[in-house]
Amino acid sequence: MQREKKIEASDFAGIYKDIAEVIGVDATLLLHEYLKGQQITFPKKLYSKEYIIKQIAEPEKGGSNIKSIASKYGYTERRLRQLLKENSKLKIGEV
């Protein structure tokens, strides 16, 4: 009876090796099980616009200003101001 060798990140092919090094072998196996055959791209922006707007609109919670929020989430200050302006127009239109 042959004992099964424990799978390590180095046992995976290509990008799966990199993924396993970041999230672990078990998570990589799970990811493969659910998404095998799919082509996936990861956008640079991780958070939704709604989340970012909340971060800007509630600075007292995080104690951050637009400049630090822009830096933290990879936006420009100008874009954050645009999002705030768009959001305020939506809220006015909803009423």
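Attention in this report is confined to the structure presented alongside it. (Residues numbered from 1 in each chain as written. Predicted model: local features only at pLDDT ≥ 70, side-chain atom pairs only at ≥ 80, totals over all residues. Heavy atoms only, no water.)

1. Considering the overall build of the protein chain
- When helices and strands are tallied, the protein chain shows six helices and zero strands.
- For the protein chain, buried positions account for 16% of its 95 residues.
- In the protein chain, the proportion of contacts linking residues at least 24 apart, taken out of those at least 6 apart, comes to 28%.
- About 8500 Å² of surface is accessible on the protein chain, with carbon and sulfur atoms providing 54% of the total. (Helix = DSSP H or I, 4+ residues; strand = E, 2+ residues; numbered from the N terminus. Buried < 20%, exposed > 50% of the residue type's maximum accessible area, 1.4 Å probe, protein only. Contact = heavy atoms within 4.5 Å. Areas by Shrake-Rupley, 256 points an atom, 1.4 Å probe, with all protein chains shown as cover.)

2. Thoughts on the pattern of salt bridges
- Counting across every chain of the model gives four salt bridges.
- Its salt-bridge partner being Lys5, residue Asp11 comes within 3.3 Å of it at the nearest N-O pair.
- Judged by relative accessible area, which is 40%, Asp11 ranks as partly exposed.
- Salt-bridge contacts for Arg81 lead to Glu77; the nearest nitrogen and oxygen are separated by 3.6 Å. Placement of the pair is Arg81 and Glu77 together in helix α6 (residues 77–94), with a separation of four residues, close to one helical turn.
- When its relative accessible area of 31% is taken as the criterion, Glu77 is described as partly exposed. (Salt bridge = Lys/Arg side-chain N within 4 Å of Asp/Glu carboxyl O.)

3. Focus on the packing of aromatic side chains
- Evaluated as defined, the whole model comprises three aromatic pairs.
- Ring geometry for Tyr47 versus Tyr51: centroids 4.8 Å apart, planes at 25 degrees, classification stacked.
- Looking at Tyr51, the relative accessible area reads 31%, which means it is partly exposed.
- Ring centres 5.2 Å apart and planes at 85 degrees place the aromatic pair Tyr47 and Tyr73 in the edge-to-face group. Linking Tyr47 in the loop between α2 (25–35) and α3 (49–57) with Tyr73 in helix α5 (residues 66–73), this pair joins segments that are 26 residues apart in sequence.
- The class of Tyr73 is buried, set by a relative accessible area of 12%. (Phe/Tyr/Trp six-rings, centres within 6.5 Å; stacked < 30°, edge-to-face > 60°.)

4. A closer look at the nonpolar core
- Core analysis: the largest hydrophobic core is formed by ten residues, namely Ile52, Ile53, Ile56, Ile66, Ile69, Ala70, Tyr73, Tyr75, Leu80 and Leu83.
- Only α3, α5 and α6 provide two or more residues apiece to this core.
- The biggest single contributor to this core is α5, with four residues. (Core = buried A, V, L, I, M, F, W, Y, C linked by side-chain atoms within 4.5 Å.)

5. So, the side chain of Thr28
- Checked against the element boundaries, Thr28 lands in helix α2.
- The buried category is assigned to Thr28, whose relative accessible area is 0%.
- Beyond its immediate stretch of four places on either side in the chain, Thr28 contacts Phe12, Tyr16, Ile19, Ala20 and Ile23.

Function cannot be inferred from these measures alone, as they are strictly geometric.
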